[in-house]
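Structural characterization, general
Residues per chain are reported as follows:
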Amino acid sequence: MYCNQHLPNVITILKTLHEKTNVCLCVCVFGVEPPPEGSGWSQLELAAVILVPSCLVCVGVILGMCAVQNLRCNHIKAHKQDPEEPLDDQTLVSPDKCLKELIYDMSTSGSGSGLPLLVQRTIARTIVLQESIGKGRFGEVWRGKWRGEDVAVKIFSSRDERSWFREAEIYQTIMLRHENILGPTSLSFESRENNGSWTQLWLVSEYHEHGSLFDYLNRYTVSVEGMIVLALSIASGIAHLHMEIIGTQGKPAIAHRDVKSKNILVKKNGTAVIADLGLAVKHDSNTNTIDIPINHRVGTKRYMAPEILDDSINMSSFESFKRADIYSLGLVFWELARRCSVQGIYEDFQLPYYDQVQSDPSVDDMRKVVCEQKLRPNIPNQWQSCEALRVMGKIMRECWYANPAARLTALRVKKTVSQTMVDVRQRNVVCKSKLVFLAKLCADCGFLALFFLQF
Ligand SMILES: Nc1ncnc2c1ncn2[C@@H]1O[C@H](COP(=O)(O)OP(=O)(O)OP(=O)(O)O)[C@@H](O)[C@H]1O
Ligand SMILES: [Mg+2]
C-alpha cells in the first residue's frame, strides 16, 4: 500500500464513496509514483487514481459473472429436451409414487386445483394405451400402463369438453376422496399436429379389472354376503356424495344424477366404487344455490325418477336431486339382488323395466310406464324366504315411492344394509359353529360305535 501525506485525503474519498454507493471499495494503489515535492495532487487527480482501478476491477468482476452465467445457460440448453419428446417423468413426478398417491397428493394439497399442468402432461405422455375397454356416450375408455401399473383412461371427444371439465371439476372437490368413490385425476394433454396443436382431454383413474357392476352381474352371480358387501359399498359411496361436511376440510353435498349399474365399478375385493360424475350437481349451503352444470347432458332415461320423466321436479331444491338418485339406487339394488344365489336359485341379469320397454327407451316410453301405469320392477316371492333379500326388497320399495319426500335417504339405506351385514355375518358364525358341533358329534358317535363294535 502506498502511503504518503495524501493518505488522509484518500481515506476521506473512500469513505464518501462508500457512504454514497454503499459499496466497499478496498483499493490498493501500487506503484504510483509520489508526486514531486510541493506539487501536491488535487482532489480530482486523487479521485481518478482511486476510481479508475476500482472501476476496472468492478468491470472485470461483472464480466466474469456474465461469463459464468452464459456457461450455465449453454449447459441447460444442451440438456433441455425437445418439447415433443416425452419428458423424463422422474424429473417432475416423484419416481416412487403410484398414481393413487399422486391423486392423494392432489386432493390433499388443499387447492383443489389439481396436478400442475406440466405434471399432468408428463403423466399423460408416459401412459401407454393398451386396449379399448368400453365406449360410452362421451368418450372411450382404455386400459393403459403407467410405470407398470394398470390405469383406466377415459378419452373425451373434443365436442364433449364440457363433460370432461365438469367431471374433472367435481373430482377435484376437496374431501371427495372416499373408498367407495372412484378417485381419478383429470389430464389435459396437448398434442401437436402438422398444422397446429389440439388438446386431448383425459380422465385417468384406477383400473378395476372387473369393470362395471353391469359387466360383473352379467358374468357372475353373488352370494348373500357378496350382495350385501356390494350394496353397502354402493350406499356408502352415495351417502358420502350426498353428505355435506362443514369446516375448512369439508365438502359440499353432491348429487350424482346418473346412478346406474354401468357407472359403478367393482373392485377386486368385492366392494364397489361410484364413477362417472360428469352430471353431478353441487350444493352451496351458504347461499342455498346449486351449481347446475352448463351441460346439456341428461341422465340415463331408464333410471330416471318419475319426477324427472314428467318434469315435475323442483329444480331449485337440492334435496330433489338427492331423492332422484335414491330412486335410481333402488333400481341398481334390484339388478344386484336378482343375481344373488340362494341355494343355487337366482335370476338372469336384466336391466330395470326390461319387460316393459325396448332397449334405448325414450323419455316418453319411460314416463308411460313409471308415471302413468305406476309400474316398478317385480320383486320375486322367493326373496321373502331369505332375510337379506327380504330386506333388500323392502329397501327398493322405499326408494321407489312416487312421492320423492317419502323415499329413504342414502344414510338410512346405508344403516339398514349395514345392520343386515351384521345379521348375515352372525348367522354365518352360528351356522358354522352348528356345523362344527355336528361334525364333532358325528366323530364322537363314530368313536362310540367303534368302541361298542369291539365288544
Ligand atoms: N376405471 C375403470 N376401470 C375399469 N373399467 C372401466 C373403468 N371406467 C370405465 N370402465 C369400463 O368402460 C366402460 C365405459 O365407460 P363409460 O363411462 O365411458 O360409459 P358407460 O358408463 O358404459 O356409458 P355412459 O357413461 O355413456 O352412460 C364401462 O362400462 C366399464 O366397463
Ligand atoms: Mg359411465
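Since the model is a prediction, treat every value here as computed from it, not as a measurement. (Residues numbered from 1 in each chain as written. Chains lettered and ligands numbered in written order. Predicted model: local features only at pLDDT ≥ 70, side-chain atom pairs only at ≥ 80, totals over all residues. Heavy atoms only, no water.)

1. Focus on the coordination of the magnesium ion (ligand 2)
Coordination of the magnesium ion (ligand 2) by the protein comes from Asn-263 (OD1) and Asp-276 (OD), over a distance range of 1.7 to 2.1 Å. Of the two residues, Asn-263 sits in the loop between strand S6 (254–255) and strand S7 (264–266) while Asp-276 sits in the loop between strand S8 (272–274) and strand S9 (281–284), which places them 13 residues apart along the sequence. (Donors = N, O, S within 2.8 Å, 3.2 Å for Na, K, Ca; no water. Helix = DSSP H or I, 4+ residues; strand = E, 2+ residues; numbered from the N terminus.)

2. As for the site of ligand 1
Taken together, 19 residues lie around ligand 1, and Arg-137, Glu-206, Asp-215, Lys-260 and Asp-276 are the ones closest in. Ser-205 is positioned such that a nitrogen or oxygen atom in its side chain is 3.4 Å from a nitrogen atom of ligand 1. Within the backbone of Glu-206, one N or O atom sits 2.9 Å away from a nitrogen atom of ligand 1. Coverage of ligand 1 by the protein amounts to 90% of the 610 Å² it exposes when considered alone. Here ligand 1 is seated within the largest pocket. Secondary-structure elements contributing two or more residues to the shell around ligand 1 are strand S1 (128–135), strand S2 (139–146), strand S3 (149–156) and strand S5 (196–206). Residues of the shell around ligand 1, tallied by class, amount to 5 nonpolar, 7 polar and 7 charged. When residues of the shell around ligand 1 are assigned to domains, at least three map to each of domain 2 (95–207) and domain 3 (211–427). (Near = heavy atom within 4 Å. Polar contact = N/O pair within 3.5 Å; in protein donor to acceptor, adjacent residues only side chain to side chain. Areas by Shrake-Rupley, 256 points an atom, 1.4 Å probe, with all protein chains shown as cover. 1 Å grid on protein atoms, 1.4 Å probe; cavity = no way out; pocket = protein on both sides within 12 Å on 5 of 7 lines; lining within 4 Å. Sits in = over half its atoms within 2 Å of the grid points. Nonpolar A, V, L, I, M, F, W, Y, C, P; charged D, E, K, R; others polar. Domains from an automatic or database assignment.)

3. Quick look at the side chain of Thr-420
The topology assignment puts Thr-420 in helix H13 (residues 410–453). Using a relative accessible area of 6% as the deciding quantity, one classes Thr-420 as buried. Apart from residues lying up to four places away in sequence, Thr-420 is in contact with Ile-228, Ala-388 and Val-391. (Buried < 20%, exposed > 50% of the residue type's maximum accessible area, 1.4 Å probe, protein only. Contact = heavy atoms within 4.5 Å.)

4. Topic: the layout of surface pockets
By volume, the largest pocket amounts to about 1100 Å³. Lining the largest pocket are 44 residues; nearest its centre among them are Lys-135, Gly-136, Lys-262, Asn-263 and Asp-276. Put simply, the parts of the chain that give the lining of the largest pocket at least two residues each are S1, S2, S3, helix H6 (161–171), S5 and helix H7 (213–219). The residues that make up the lining of the largest pocket include at least three from each of domain 2 (95–207) and domain 3 (211–427). (Points joined across faces, edges and corners; volume = space filled by probe spheres on them.)

Note that every value here comes from positions in space, so none of it alone points to a role or purpose.
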